[in-house]
Amino acid sequence: MAKWIEALNEADFSGSVKVVEYDYVPIAIFKLGDHYYAIDDTCSHDEASLSEGEIVEECQIECPMHGARFDIKTGKNLSFPAVVPVKSYPVKVENGVIYLELEE
Ligand code: FES
């Protein structure tokens, strides 16, 4: 069953990415324009932190270790050496608070 979890206040969000952790799983929350997106922070190829990568082509994150790209909006792997996606999470904002929908 999924539930909405309070991740952080929008006021505490600076830059374009922030990492939160739930059950020892780091989740990267990206801000693109006025919208937030959340994906697993750990690259599906070899465990680099995607939040330390570079945002390219408006909605892609490039892994800092070997350069695989992922769609920030969906987690889909877009280039080698990553061959599987990273998990993405629904995000909503209410009253200045960013929530993630996580499986229990
Ligand atoms: S660890 Fe990300 S592409 Fe290799």
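Here, every reference points to the structure presented above.
Residues numbered from 1 in each chain as written. Predicted model: local features only at pLDDT ≥ 70, side-chain atom pairs only at ≥ 80, totals over all residues. Heavy atoms only, no water.

Trainee: I'm lost on the sheet that holds strand S2 (residues 17-22) in this one. Help?
Mentor: Across the sheet, which stays open at both edges, the four strands sit in the order S2-S3-S4-S8 with antiparallel pairing between neighbours. Edge positions in the open sheet fall to S2 and strand S8 (88-89), since each of these has one partner strand only. Both strand S3 (residues 25-32) and strand S4 (residues 35-40) contribute to a ladder of six bridges, which runs antiparallel. Each residue of the ladder has a partner; that of Lys 31, found in S4, is Tyr 36. (Pairing = 2+ DSSP bridges. Helix = DSSP H or I, 4+ residues; strand = E, 2+ residues; numbered from the N terminus.)

Trainee: Can you help me understand the side chain of Ser 51 in this one?
Mentor: Tracing the chain through its elements places Ser 51 in the loop between S4 and strand S5 (54-56). Only 3.0 Å separates the side chain of Ser 51 from the side chain of Ser 49, close enough to count as a polar contact. If we skip the residues at most four places from it in the chain, Ser 51 touches Val 17, Val 19, Ala 28 and Asp 41. (Polar contact = N/O pair within 3.5 Å; in protein donor to acceptor, adjacent residues only side chain to side chain. Contact = heavy atoms within 4.5 Å.)

Trainee: Which parts of the structure should I look at to understand unusual backbone geometry?
Mentor: The bulk of non-glycine residues show a negative phi, and the bulk of peptide bonds are trans. Residue Pro 81 is bonded to the preceding Phe 80 through a cis peptide linkage, with omega at 10°. Residue placement: Pro 81 occurs in the loop between strand S7 (69-71) and S8. In the Ramachandran plot, Tyr 24 falls in the positive-phi region, its phi being about 65° despite a non-glycine side chain. You can see Tyr 24 is positioned in the loop between S2 and S3.

Trainee: Honestly, the nonpolar core in this entry has me stumped. Any pointers?
Mentor: One recurring pattern in soluble globular proteins is that nonpolar side chains are buried together. With 15 residues, the main nonpolar core has Phe 30, Ile 39, Cys 43, Leu 50, Ile 61, Phe 70 and Ile 72 as its most contacted residues. Broken down by secondary-structure element, the contributors of at least two residues to this core are S3 and S4. A per-element tally of this core places S3 first, with three residues. Aside from chain neighbours lying at most four places away, what touches Leu 50 is Ile 39, Asp 40, Asp 41, Thr 42, Cys 43, Ile 61, Cys 63, Pro 64, Phe 70 and Val 86. Counting residues in hydrophobic clusters, the runner-up holds 13 residues, among them Leu 8, Phe 13, Ile 29 and Tyr 36. (Core = buried A, V, L, I, M, F, W, Y, C linked by side-chain atoms within 4.5 Å. Buried < 20%, exposed > 50% of the residue type's maximum accessible area, 1.4 Å probe, protein only.)

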